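Okay, here's what each chain looks like letter by letter:
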Amino acid sequence: MPVIVGASAFGAFERLLSSLCLNEFPCGSGSWRTSTGGEENVTQFTVTTKDYGADRVPAEALEELVTSITSPYSVDYSWSREARQLREMAVKSPWLLSRHFILEHFKSLRIVDKNVTEIDQLMLQFPELTELTLSANLLSSVESKHLPRSLTVLELVANKISDLSDLCADPPDLQHLGLSFNKMTTVSDYLTGEHWPCLLSLDLSHNSLTELQDLVQALQTLPKLRNLALIGNPLALIPGYRGYVVDSLRSLIILDDSQISADEKHHFKGLARRGDSIHNEAQILVTIPSITGIPKPPEYDVIDEVPQYPIINRYYYVEFLFLEDVDSKKEINSISEGDNKELEDIDRSKVPMTVEDVSSQTTSGGEKTVTKSGGIVKDDAESPSTALDTQGPEGGPSDEGLHSSTGLQLKSYRTQGIQWTEETLGNLDVGYSQKLIIDDLPALKQCLEEGLRLAVKEDKVLSYPPNENDDTVSLASHKKPAKGDKKEEKKVDKGGKKKKKEPEIELVHSPPVVSTLGIYTLDLGALNAGDHVTQEVCTCDAIERVVPNDESGESDSKKEKKKKGGSEVEVSKSRKGKEGKDKQAGKKTIKSAKPDRMGSSTKASPAKGSTEELSEGEPAPPPPPLTVAVRVELVKWHTAQDSIPREEPLAT
């Protein structure tokens, strides 16, 4: 049946009524009905087919065609509880079906998804109508003067209603009003006891309501309200939302389809008097405990000795996009008062230290590292965000694979960078936990619907000694000699000769080269629907890595040896014999070698699952999937005591 664009409510009802076919076979008083004259007692058992007539059917058979589900003449009765009864009446007593009788007959109507744009005045012709459902239509406003006065239930779910002024002008005495999935931002002036004295149930879920205290203050004037639904609104993301509503509306029995228990009322008792502790902001706790399946860096597979420099350090971390925290906004605003520079991506906790602020920072290998730009010191032994900024190959923000599809202004958050080791084999304990306080509740609702976009990334940093022309800062020049340094400068070797202590090497770091290993979008829609926690082990969509030539594991000196046929290569080949040659022809055996700080290679025992353990001809197993364990919690108060702010312990 074609749907007319911009239809009225009564016009949609007439099309539904015509679908019952009240004047067509098997209904109505057509020629297919048996005569009621002298043939009143005649049946098909006493009359032949010729005398009975193939075109004349008794009322019992016609009624069966209407009531049977498998009948080809069955129609849809879901739009009204009285539709089936009316059609059966069209078979039994078709002479009763006048227009006035039909309009009086209906007590409930469900006009769903019929592109209704207005409730017209003709709807007043239903004198007995008590339930009217106009869900999934195009209504932007409802004229209360066009609603039947007998109406007690009105469902206007999934429309485009943003203003209730016309509906509250002179409404009927409704007991239930459903306004979920609309576009309302404020209803405090209209949902009062003055307009709705008989309202028992109110559904305002999944709108854009943000002012919790103003709404509750208006709902307190409804004397008979017992059932309330507010879930899906931005205000439902506030930690004390449920407790404040329960304690403020003491006569309420059901909130968000969940019955309010006596224990719950007891736990939240007194919260309504602490309105100053209810702020229009939400708290999100993001926890990322671990990453698994990080691929093995190529430098661990190098067999021969590699050059001493550059030293390659790789740091792995998780980066995700979310709304900016309230504390971050305050810090940026306080900075911008005295500085007019670009501060959109500044994180005050990640401001690097200058050389003057650092005292004797050394790596595990006894080396001190200095960046080439600005004399900023970074410690190689620790690779947190203080040592590696979120920069791409060109020094810009590293948001590869992460973006907002709805135009939200999101901030990039990242975990601490961790290095790959043979002990962990790519299973890294991140231990990241961050509480975010968001004051833009409508944007938070939209962000949760969009989901949490995260990416596993790698920062590759090359460290090498500075050239003579490099303008670097020496740490030794800033270090004051301590007592006893004179004695420690000289050491005695085995021959009894004294030798000076080797000077500390100052390394220059290149900007980190950022590459994305995998991306994933975590669905957070359940937090908008009432859940408090969403957790998942996310299997990321792996992004194929393009290994540069400098990561192939072969240095220039190694290539020269191969070309010249050096003695070392020849001796190793002669020792392998015939069996070694066959293995090299079949596949390349990779041995694990971990370069130390100075670039020398140390052979390590083969890891579990490496190619050394595979027998000849056996295919290598697929690499483990790249997974990230993520837990996102919407902080909620469980008692009234949770509203009391806890004092943070003083830092020592």
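The numbers attached to residues start from 1 for each chain and follow its sequence in the written order. Local features in a predicted model are, by the rule used here, given only for residues with pLDDT of at least 70; side-chain atom pairs are given and counted only at 80 or more, and totals for whole chains, interfaces and linings are based on all residues. The basis for the side-chain values is all heavy atoms of the structure; hydrogens and waters are excluded.

**Considering the sheet that holds strand β25 (residues 627-634)**
Point 1. Spatial ordering of the open sheet is given by β15-β11-β25-β21, a layout of 4 strands whose pairing is antiparallel. The sheet is open, and its two borders are formed by β15 (428-438) and β21 (533-539), each paired with just one other strand. With strand direction ignored, the average angle separating the axes of adjacent strands in the sheet is 15 degrees.
Point 2. What makes two strands pair is DSSP finding at least two bridges between them. Working definition: helices are DSSP H or I runs of at least four residues, strands are E runs of at least two. Numbering for both runs from the N terminus. Pairing analysis gives 9 bridges linking strand β11 (residues 282-292) to β15, with the strands arranged antiparallel. Bridge pairing links A282 to I438 in β15. Think of each axis as a best-fit line through the C-alpha atoms, taken over the contacting stretch in the case of a helix, with angles from 0 to 180 degrees between the N-to-C directions.

**Focus on the pairing of β11**
Point 1. When β11 meets β25, the two strands line up antiparallel, connected through 7 bridges. Directly across from S290, in β25, lies its bridge partner A629.

**Overview of the environment of F126**
Point 1. Take F126: it is sitting in the loop between β3 (116-118) and β4 (131-133).
Point 2. Accessibility expressed as a relative area gives 1% for F126, which makes it buried.
Point 3. Along the sequence, F126 and L147 sit 21 residues apart, while their C-alpha atoms lie 9.3 Å from each other.
Point 4. Residue contacts are counted whenever heavy atoms from the two residues lie within 4.5 Å of one another. Apart from residues no more than four positions distant in its own chain, F126 is found in contact with F10, F13, L103, F106, L109, P148 and S150. To sort residues, take the accessible area from a 1.4 Å probe on protein chains only and compare it with the maximum for the residue type: under 20% means buried, over 50% means exposed, and anything in between is partly exposed.

**Quick look at the pairing of β25**
Point 1. Most of β25 sits out of view: 6 of its 8 residues are buried.
Point 2. Strand direction decides the pairing type here: β21 and β25, joined by 7 bridges, are antiparallel. Across the sheet, residue E536 finds its bridge partner in β25, namely V630.

**Some points on the packing of aromatic side chains**
Point 1. For Phe, Tyr and Trp, where Trp contributes only its six-membered ring, two rings pair if their centres lie within 6.5 Å, and the inter-plane angle classes them as stacked under 30 degrees, edge-to-face over 60, or tilted in between. Under the definition given, this model contains 9 aromatic pairs.
Point 2. Clustering of aromatic rings is evident, with ring pairs tying together F10, F13, W79, F106 and F126.
Point 3. Positioned above the aromatic ring of Y317, the side-chain terminus of R414 is 3.7 Å from the ring centre. Remark: a charge is flagged as sitting over a ring if the NZ atom of Lys or the CZ atom of Arg is within 6 Å of the ring centre and within 35 degrees of the ring normal.

**Some words on the side chain of R453**
Point 1. One can find R453 in strand β16 (residues 452-464).
Point 2. The exposure class of R453 is buried, given its relative accessible area of 15%.
Point 3. Among the polar contacts listed, one links the side chain of R453 to the side chain of E450, at a separation of 2.5 Å. In protein, a polar contact means a hydrogen-donor-capable atom and an acceptor-capable atom, both N or O and within 3.5 Å, with residues adjacent in sequence counting only if both atoms are side-chain atoms; elsewhere, any N or O pair within 3.5 Å suffices.

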